[in-house]
Amino acid sequence: MSPTDRNSIWAGALMRELARSGVRELCVAPGSRSTPLVMAAAREEALRVRVFLDERSAAFFALGVGKGSGVPAAVVTTSGTAVANLLPAVVEAGQSETPLLLLTADRPHHLRDSDANQAIPQPGIFGGFTRATWDLPQPRVDAASLRHLRAVADRAVAASLGAPGGPVHLNLPFRKPLEPSEERSDVPSDLEDEDAVALRGRGSQPLVRIPRRRGSAPGEELERLVELIESADRPVLVAGVVSEPDRVGPAVTRFAAASGMPLLTDPLSGARLGPSYGSARITSHDLFLRSLEVREFLRPDLILRVGAAPTSASTLGWMDEARDAPQVVVDDGGRWKDHQNTASLYLNSDISGTLEALLGAVGPPASFRWRHRWEEADRAASAAAEGAPGPWHEGQVAAAVVRRVTPADALFVSSSMPIRDVDAFGAPREAGPVIFGNRGASGIDGIVSTAAGVAAGTGRRTVVLLGDLAFLHDANGLLAVREDDVELVFVLVNNDGGGIFHMLPIREHDPPFTELFATPHGLDLSHLADLHRLPHTRVESGEELEQALTAGLADSGSRVIEVRTDREENRLGHRAAVAASTAAALQALRAHEAGKGTDHDSTERRL
């Protein structure tokens, strides 16, 4: 028999409607006030319920599912500080425009604003990071209330999907008793037929279908963009961070190939790995654009940027210096994606749709000399960085990971130095994995849990490139590796602290630099791997890393490949790579300017 109490019926109607709207994953942390929600989810066959020891890990896992699948996962919490622990993941979801549902159980209304245990002001607790927030009434079982509840569930899923996507908060108060009952009933015995119909719903269909909105560029603005592209002699296409890399990336590379524009690819653009379609993908721009003289050779007369600002600081600097040229931003997200205020035209429209519309209107340039200039600088810089003298450094670790991960895998790259190293040293591939990351707010919290969620959301083994502090910060996330559909291969770069700070001028102020910034922990991380029954391999050279990656990716199951590096040697290795790459790019550009470059005719044509 099914429970007949008011709380269970109300929670059951909510869970069924979420499932009808496409939600398949629900993450739960233990608690009492959320009992009706958890028990209802357990009864709903269409939902997979996963249990976590803490709410922060649960929320980041759900975030990862949203990144990997494009469908929101729901996270259920009890009341009080449990809700507050969702905030870091909510911030990342809001900033990265990732779908996420937050179902927070609450005390009944009469216990709010009082000294009742575990009662805190939960409505609005996430501020402006949510796309929508509902503070629902206490459960009522009648046709009007049930229809309203189901409509809110459908609206919540739609709001989470966007555009722009993001977190949505449903706050759900419950009175005791909280446990389900088949004998006790606090539901009116004289339910009308309409109430019963509202309770059962219509089979597998949601109460209301709300198609996802994708904004298109206005015709006159699209015409203006076509004019800008056709009149430009030195246009550049910059692919920044996007929320749907697997959908946007191919559209970007196809347009770059058709238009002949050099394509500067951020790792999280979806355009770095996978088919190039004949486009000129530039991937070492972060290295060679650090040179003022190189930037002068590569000064554009038009920049078309899609998505959020790229990871590379040197690329952002190059864009800032080119503010006298028209710059166009195309993105349909909710945030303003031009913090440097360089844009002269901002199209709040769907990236893929806009580029597809441009394909039929923009032809290839008369000359490919501008494109070849970028290609030769990129080839020279990439080769020089790979063969630069100096100590083995973490950029080479990132390059090896990008090179070795199979196209069948997913790759999750942590914030801080890993994403910067992948940006600078990760070479393009015609067949490669989709790269994910938490670049919305760029925190190192929740990396392990988010990567586990990506594995569940994509159904793919996920290789995780992260540092020791991120690994330690989300140690509880390792519990998710026990899930049968979560396979993670960690490439753990351990420099015993915050290696990124060695790249900053503050390193010259020691003491207190080592204690307060580098923060060495001195821990043997193999013990943490052993605790979670993860095979562990430690390597200390490029050759050992290649061997460990080959063996680890050929086998099945989760594991940790720990790469020991030295913070100061890493800094020196990076510096040598930058010096070699900028010098090589400059030499190539000078040769090209003197007429020695390969300005051959291109065979690319509009797709």
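Quick notes on the rules
Residues numbered from 1 in each chain as written. Predicted model: local features only at pLDDT ≥ 70, side-chain atom pairs only at ≥ 80, totals over all residues. Heavy atoms only, no water. Helix = DSSP H or I, 4+ residues; strand = E, 2+ residues; numbered from the N terminus. Rg over C-alpha atoms; globule rule 2.2 N^0.38 Å. Buried < 20%, exposed > 50% of the residue type's maximum accessible area, 1.4 Å probe, protein only. Contact = heavy atoms within 4.5 Å. Pairing = 2+ DSSP bridges. Axes fitted to C-alpha atoms, helices over the stretch in contact; angles between N-to-C directions. pLDDT = per-residue confidence, 0-100. Salt bridge = Lys/Arg side-chain N within 4 Å of Asp/Glu carboxyl O. Arc of directions from axis to C-beta. Polar contact = N/O pair within 3.5 Å; in protein donor to acceptor, adjacent residues only side chain to side chain. Phe/Tyr/Trp six-rings, centres within 6.5 Å; stacked < 30°, edge-to-face > 60°. Left-handed = near helix turned anticlockwise from the far one by under 90°. Nonpolar A, V, L, I, M, F, W, Y, C, P; charged D, E, K, R; others polar. Right-handed = clockwise from strand over helix to strand, strands pointing away.

**Remarks on the overall build of the chain**
Then step 1. Of regular secondary structure, the chain possesses 22 helices and 18 strands.
Then step 2. Relative to its length of 607 residues, the chain is compact, with a C-alpha radius of gyration of 26 Å against a globular reference of 25 Å.
Then step 3. Overall size of the chain, expressed as C-alpha extent along the three principal axes, is 90 × 60 × 45 Å.
Then step 4. A buried classification covers 58% of the 607 residues belonging to the chain.
Then step 5. For the chain, long-range pairs separated by at least 24 residues make up 79% of all intrachain contacts whose partners lie at least 6 apart in sequence.

**Looking at the sheet that holds strand S1 (residues 25-28)**
Then step 1. Here we have 6 strands laid out as an open sheet, ordered S2-S1-S3-S4-S6-S5, and parallel in their pairing. The open sheet has two free edges, formed respectively by strand S2 (48-51) and strand S5 (132-135), since each of these has just one partner strand. Recorded for the sheet is a direction-independent mean angle of 20 degrees between the axes of neighbouring strands.
Then step 2. With 3 bridges joining them, S1 and strand S3 (residues 74-77) adopt parallel strand pairing. In the sheet register, Cys 27 faces S3, and the bridge partner there is Val 75.

**A short note on the confidence of the model for the chain**
In low-pLDDT regions, the fine details of the predicted coordinates are not to be read closely.
Then step 1. Chain-level statistics for the chain give a pLDDT mean of 91 and a share of 94% at 70 or above.
Then step 2. This model gives residues 599-607 a pLDDT under 50, and the stretch forms 18 contacts once residues within four places in sequence are excluded.

**Observations regarding the pattern of salt bridges**
Then step 1. All told, the structure shown has 35 salt bridges when counted by the stated rule.
Then step 2. In this structure, a network of salt bridges that share partners links the residues Glu 25, Arg 48, Arg 50, Glu 483, Asp 484 and Asp 485.

**Digging into helix H13 (residues 351-359)**
Then step 1. Considered for burial, the residues of H13 that qualify are Ile 351, Ser 352, Thr 354, Leu 355, Leu 358 and Leu 359. Burial along H13 is one-sided: seen end-on, the buried residues are contained in an arc of 165 degrees.
Then step 2. Structurally, H13 contributes buried residues whose contacts are with helix H8 (219-231), helix H9 (245-259), strand S10 (302-306) and strand S11 (327-330).
Then step 3. Residue Asp 350 occupies the N-cap position of H13, its side-chain oxygen lying 2.7 Å from the main-chain nitrogen of Gly 353.

**A word on the packing of aromatic side chains**
Then step 1. Per the stated rule, a full pass over the model turns up 6 aromatic pairs.
Then step 2. Here Trp 336 and Tyr 346 contribute two aromatic rings whose centre-to-centre distance is 4.1 Å and whose plane-to-plane angle is 10 degrees, an arrangement assigned as stacked. Remark: Tyr 346 occurs in strand S12 (residues 345-347) and Trp 336 occurs in the loop between S11 and S12; sequence separation between them is 10 residues.
Then step 3. On the numbers, 6.0 Å between centres and 85 degrees between planes, the contact of Trp 370 with Trp 374 is edge-to-face. A residue pair is termed a helical-turn pair when its members lie 3 or 4 positions apart in one helix, as Trp 370 and Trp 374 do in helix H14 (residues 369-386) at 4 residues. By the burial criterion, Trp 370 is buried, and Trp 374 matches it.

**Re the packing of H14 against helix H22 (residues 567-593)**
Then step 1. Running from amino to carboxyl end, H14 crosses H22 at an angle of 150 degrees, the nearest separation of the two axes being 7 Å. Relative to H22, H14 is oriented so that their crossing is right-handed. The segment H14 lies against H22, with Arg 369, His 372, Arg 373, Glu 376, Ala 377, Ala 380, Ala 381, Ala 384 and Ala 385 engaging Ala 577, Ala 580, Ser 581, Ala 584, Ala 585, Ala 588, Leu 589, His 592 and Glu 593.
Then step 2. Class assignment of the residues belonging to the contact of H14 with H22 gives a composition of 11 nonpolar, 3 polar and 4 charged.

**Notes on the side chain of Asp 332**
Then step 1. By the element assignment, Asp 332 lies in the loop between S11 and S12.
Then step 2. According to the relative accessible area criterion, Asp 332 is buried, its value standing at 17%.
Then step 3. Residues in contact with Asp 332, not counting those within four places in the same chain, are Ala 163, Pro 164, Asn 348, Ser 349 and Asp 350.

**Some points on the sheet that holds strand S7 (residues 235-239)**
Then step 1. Ordered by their spatial adjacency, 6 strands build an open sheet running S9-S8-S7-S10-S11-S12, and the pairing between neighbours is parallel. Both outer strands of the open sheet, strand S9 (280-282) and S12, are each paired with one neighbouring strand and no more. Across the sheet, the mean angle from the axis of one strand to that of its neighbour is 20 degrees, orientation sign disregarded.
Then step 2. In this sheet, S10 lies alongside S7 in parallel orientation, the contact comprising 5 bridges. Bridge pairing in S10 places Pro 235 opposite Leu 302.

**Overview of the pairing of strand S15 (residues 462-467)**
Two faces belong to every sheet, and in a regular strand the side chains alternate between them.
Then step 1. Taking burial as the measure, the 6 residues of S15 include 6 buried ones, the bulk of the element.
Then step 2. What you see with S15 is no split at all: Thr 462, Val 464 and Leu 466 on one side and Val 463, Leu 465 and Gly 467 on the other are buried throughout.
Then step 3. Pairing of S15 with strand S16 (residues 488-494), which is carried by 6 bridges, proceeds in the parallel orientation. When the bridges of S16 are listed, Thr 462 appears paired with Leu 488.
Then step 4. Note that the unit made of S15, helix H18 (residues 468-473) and S16 has a crossover that is right-handed.

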